[in-house]
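Now for the letters of each chain:
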Amino acid sequence: MEAFQLLSRGGARFDKQRFKSDVQIFNKAPARDVKGKGVLIPHDAQLPPELDFFKYAKAPTGKRKAEDKESDVHAEGKPERAERKRRKIEDESLDSDDNHIGTEEDIPTMQKHRVTAKGSDVPKPFTSFEDLRERYHVPPLLLSNLSEHSYKHPTGIQAHGIPILLEHRDLAAVSPTGTGKTLAYLMPIMSALGSPISSMKNEGGRGVRAVILAPTRELAHQIHNECLKLAAGRKWRAVLFSKATASTLSDKNVRDKVDIVISTPLRLVASIQEGNLELNNVQHLVLDEADRMLDPEFLSQVQEVIAACTHPNIQKAVFSATLPAGAEKLAMGILRNPIRIIVGLKDTPLPLIAQTLTYVADDASKLPSLLTYLSQPYNPPLLIFTSTQPRTTSLAEELIMNGISNVDCLHAGMTKKERDDAVSRMRRGESWVMVTTEVMARGMDFKGIREVINYDFPTSVQSYVHRIGRTGRAGREGKAVTYFTDEDGPFLKAIANVLLQSGSSVPEWILKLPKPSKMKRKQMGKVKRADTVNAARKIGRNDAIKKRDMIAGSKRRKEKELRETDKNREEEKSDK
DNA sequence: AAAAAAC
């Protein structure tokens, strides 16, 4: 409390103890608004003893129902689509029986987590990390490192995925954000590397034995940290690949002593092409954020890495919270006799995240809305997503100029050092408001984040799911606010369905929006937009105006409002 | 659909 009073006077540093132990803080005094700045002290959110992520799965609602309804409404003329959907759902529920995944007595976590497995000879999941010692001879040190970092009970993806990887099978794993996917692949890999009784023999060759690919440097860095935690007390060498380490590793003697390389794809490709790195002894390859890694821009790089991994007995695994059909197909092509594990519902955020959609009319109305939001109590640190680097920078500047404390900014246009510093400040709890791009959207695990704001509308369902997945991690609650403007109309419904699917509510009129067909979306753009505008005006407009009026305006803001009304007028004209 | 990120 004292720390926050200090803070409210402005300028003072965030109390570093603040995020050291979340639990400690959570048990403290009830939430109080700190004078003026609206910073809220959390009071709830004790870690639940068991991470029951999927309560909603027991009684399927939301999307399933919405899908059916949708099919009913839109299926006229093409009933086969509804039929296909229904069959798919049945197939999924059959999968688990076919593969003898286990009964509830065997695996108490099963029912809760609604896991579906597909593939031949699916290994049984385990219930306690200790089980792994006997079943797979996982080194005791690894297990004690686990408990040291208070990993007590395996999450769904860990219970199901780890045995698969320990049996050296290929795996495609889909599990929601913040459910411990990193550990699910790191632990078995490190076990295999260190265990003398592993299914594959290590005497074959020298050089890097495991490679983990991630889409951003920050994520690679974070994975490396996890790796170090697990490896503590053992001689494993895990290397975070960067320019610096790449040149060190060009020395073959050094290289041969490295077990695990964690890297972004292009960095690795560069080293391979320079002849400074050989991957012919790689026996474990993981694509983290797999769907992202299989995006067209990354795909060729990833393929090059895969091609360089010539070891015949290589195990490959892909992990993500989202896996669109296209990416899944690609992944399945890369994997050999794979098992596919899906925890929860695909492409769905956790119900722990309370999501809202907020109408803000147009771009110019966003800043006033955000400032209003920040003038009320909120839970720091706050993560704000924008669509471009320049917008990230300028929004951060605006916030600072409007007197918001401890604003930070992070995008890939910044130098490595700037990026590293921003992440450290975030980890230390010194940032209250972090404005960022997609670079932070995936994988990043900041335990303190309880609120995410999509200042700019996400460009895909996947992006949405990952962005808001920065909160609500490891069983904690989270909050996500998404601004939408008239222009976002065509994509609104898709996101709205995601909200529904994960147990958040959506205004009726959004659900009634017609679903724009792919082909017609372009030409219909105008019409759709008009629909949205009208519907939005009825419900959201007044709120938006009220909000704007509530803000005592600085000159800057008044200018903004003027510009905004001008724009509105122009748009109204052009609509006609 | 479209930007970001990767070196």
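Note that this is a predicted model, so its numbers are computed, not measured.

What counts as what
Residues numbered from 1 in each chain as written. Chains lettered and ligands numbered in written order. Predicted model: local features only at pLDDT ≥ 70, side-chain atom pairs only at ≥ 80, totals over all residues. Heavy atoms only, no water. Pairing = 2+ DSSP bridges. Helix = DSSP H or I, 4+ residues; strand = E, 2+ residues; numbered from the N terminus. Axes fitted to C-alpha atoms, helices over the stretch in contact; angles between N-to-C directions. Contact = heavy atoms within 4.5 Å. Core = buried A, V, L, I, M, F, W, Y, C linked by side-chain atoms within 4.5 Å. Buried < 20%, exposed > 50% of the residue type's maximum accessible area, 1.4 Å probe, protein only. Domains from an automatic or database assignment. Arc of directions from axis to C-beta. Near = heavy atom within 4 Å. Polar contact = N/O pair within 3.5 Å; in protein donor to acceptor, adjacent residues only side chain to side chain. Disulfide = S-S within 2.5 Å. Buried area = accessible area lost by both parts, 1.4 Å probe. Salt bridge = Lys/Arg side-chain N within 4 Å of Asp/Glu carboxyl O. UniProt positions renumbered as here; feature names shortened; annotations may be inferred. Lys, Arg positive; Asp, Glu negative; His and termini not counted. Phe/Tyr/Trp six-rings, centres within 6.5 Å; stacked < 30°, edge-to-face > 60°.

Section: the sheet that holds strand S1 (residues 115-118)
At step 1: Strands sit in the order S1-S8-S2-S7-S6-S3-S5-S4 across an open sheet of eight strands; the sheet is mixed. Edge positions in the sheet fall to S1 and strand S4 (238-240), since each has one partner strand and no second. Averaged over all adjacent pairs, the angle separating strand axes in this sheet is 15 degrees, with direction ignored.
At step 2: Relative to strand S5 (residues 260-263), S4 runs parallel, the two sharing three bridges. Across the sheet, Leu 240 pairs through a bridge with Ile 262, a residue of S5.
At step 3: In the packing of helix H10 (residues 181-194) onto the sheet, contacts are made with strand S3 (210-213), S5, strand S6 (284-288) and strand S7 (315-320), and the angle to S6 comes to roughly 170 degrees.
At step 4: The strands touched by helix H16 (residues 296-308) within the sheet are S3, S6 and S7, with S6 carrying the most contacts at an inclination of about 170 degrees.

Concerning the nonpolar core
At step 1: In this structure, Met 187, Ile 260, Phe 319, Leu 399 and Val 433 are the most contacted members of the largest nonpolar core, which totals 82 residues.
At step 2: Inspection of this core shows a minimum of three residues originating in each of domain 1 (112-343) and domain 2 (349-575).
At step 3: Contact partners of Phe 319, with chain neighbours within four places excluded, come to Ile 157, Leu 165, Leu 171, Ala 173, Lys 181, Ala 184, Tyr 185, Val 286, Leu 287, Asp 288, Glu 289 and Ala 290.
At step 4: Counting 32 residues, the second largest nonpolar core, distinct from the first, contains Ala 172, Leu 213, Leu 285 and Ile 334.

As for helix H8 (residues 140-148)
At step 1: Listing the buried residues of H8 in full gives Leu 142, Leu 143, Asn 145 and Leu 146. Down the axis of H8, the sector holding all buried residues measures 160 degrees, keeping them to one side.
At step 2: Along its buried surface, H8 packs onto helix H7 (131-136), H10 and helix H11 (217-231).
At step 3: Count one or two residues on from H8 and you reach Ser 150, which has phi positive near 50 degrees.

Considering the protein's contact with DNA strand B
At step 1: Around DNA strand B there are 21 residues in total, and Glu 297, Gln 389, Arg 419, Thr 437 and Thr 459 lie nearest to it.
At step 2: Taken together, the sugar and phosphate atoms account for 59% of what DNA strand B places within 4 Å of the protein.
At step 3: In the model, a phosphate oxygen of DNA strand B is placed 2.9 Å from a nitrogen or oxygen of the Ala 412 main chain.
At step 4: At the level of secondary structure, the elements contributing two or more residues to the surface near DNA strand B comprise helix H14 (265-273) and H16.
At step 5: With three residues, the single largest contributor to the surface near DNA strand B is H16.

A closer look at the state of the cysteines
At step 1: Taken as a whole and assessed by the stated rule, the structure comprises zero disulfides.
At step 2: Unpaired in this structure, Cys 309 has its nearest cysteine sulfur neighbour in Cys 227, at a distance of 16 Å.

As for the domain arrangement of chain A
When the parts come together, some accessible area is lost, and that loss is often what is quoted as the size of the interface.
At step 1: If you check the domain split of chain A, you get domain 1 (112-343) and domain 2 (349-575).
At step 2: At the boundary of domain 1 with domain 2, total buried surface from both sides reaches about 1600 Å², with 55% on carbon and sulfur atoms.
At step 3: Area buried by domain 1 at its contact with domain 2 is led by Thr 177, Glu 218 and Gln 222, which between them contribute 38% of it.
At step 4: Taken together, the connections running from domain 1 to domain 2 amount to three salt bridges.
At step 5: The shortest N-O distance in the salt bridge between Arg 442 and Glu 289 comes to 2.9 Å.
At step 6: Mapped by element, the contributors of at least two residues to the side of domain 1 that touches domain 2 are H11 and helix H15 (290-293).

Description of the environment of Lys 252
At step 1: Of note, Lys 252 is situated in helix H13 (residues 252-255).
At step 2: Residues Lys 252 and Glu 278, spaced 26 residues apart in sequence, show a C-alpha to C-alpha distance of 9.2 Å.

Considering unusual backbone geometry
At step 1: Along the chain, Pro 380 connects to Pro 381 via a cis peptide bond; the corresponding omega equals -5 degrees.
At step 2: With respect to the helices and strands, Pro 381 occurs in the loop between helix H18 (366-375) and strand S10 (382-385).
At step 3: Not every positive phi belongs to a glycine, and Ser 150 is a case in point at roughly 50 degrees.
At step 4: Position of Ser 150 among the secondary structure elements: in the loop between H8 and helix H9 (156-166).
At step 5: One non-glycine residue, Asn 337, lies in the positive phi region at around 40 degrees.
At step 6: Along the chain, Asn 337 falls in the loop between helix H17 (325-334) and strand S8 (339-343).
At step 7: Judged by relative accessible area, which is 46%, Asn 337 ranks as partly exposed.

Quick notes on the UniProt feature "domain: Helicase C-terminal" (unreviewed entry) in chain A
At step 1: Under the present numbering, the feature "domain: Helicase C-terminal" (unreviewed entry) in UniProt falls on residues 366-514.
At step 2: Structurally, residues 366-514 comprises 41% helix and 15% strand, and the distance from its first C-alpha atom to its last is 25 Å.

Focus: the environment of Gln 222
At step 1: Within the fold, Gln 222 resides in helix H11.
At step 2: What makes Gln 222 buried here is its relative accessible area of 8%.
At step 3: For the pair Gln 222 and Ser 271, spaced 49 residues apart in sequence, the C-alpha to C-alpha distance is 21 Å.
At step 4: The contact partners of Gln 222, leaving out residues within four places of it in the chain, are Arg 427, Gly 443, Met 444 and Asp 445.
At step 5: One polar contact links the side chain of Gln 222 to the main-chain amide nitrogen of Asp 445, over a distance of 2.8 Å.

Considerations on the side chain of Arg 169
At step 1: Mapped onto the secondary structure, Arg 169 falls in the loop between H9 and strand S2 (171-174).
At step 2: Despite its burial, Arg 169 pairs with no opposite charge; the closest candidate is Asp 121, at 4.9 Å N-O.
At step 3: Separated by 3.1 Å, the side chain of Arg 169 and the backbone oxygen of Asn 337 make a polar contact.
At step 4: Ignoring sequence-local partners within four residues, the contact set of Arg 169 consists of Ser 120, Asp 121, Ile 164, Gln 315, Asn 337, Pro 338 and Ile 339.

Structural notes on the pattern of salt bridges
At step 1: A full pass over the atoms with the stated rule returns 21 salt bridges.
At step 2: As a salt-bridge pair, Glu 438 and Arg 467 come within 2.6 Å of each other at their nearest N and O atoms. Of this pair, Glu 438 sits in the loop between strand S12 (433-436) and strand S13 (451-454) while Arg 467 sits in helix H21 (residues 461-468), placing them 29 residues apart in sequence.
At step 3: Here the salt bridges do not stand alone but share partners, grouping Asp 363, Lys 366, Arg 391 and Asp 456 into one network.

Regarding the packing of aromatic side chains
At step 1: Counted according to the given criterion, the structure contains five aromatic pairs.
At step 2: Each ring, one from Tyr 455 and one from Tyr 483, has its centre 6.0 Å from the other, and the planes form 50 degrees; the classification is tilted. With Tyr 455 in the loop between S13 and H21 and Tyr 483 in strand S14 (residues 478-484), the pair connects residues that are 28 residues apart, well separated along the chain. Summarising the burial analysis for this pair, Tyr 455 and Tyr 483 share the class buried.
At step 3: Ring geometry for Phe 484 versus Trp 509: centroids 6.1 Å apart, planes at 45 degrees, classification tilted. Highlighted residues: Phe 484 in strand S14 and Trp 509 in helix H23 (residues 508-511), separated in sequence by 25 residues.

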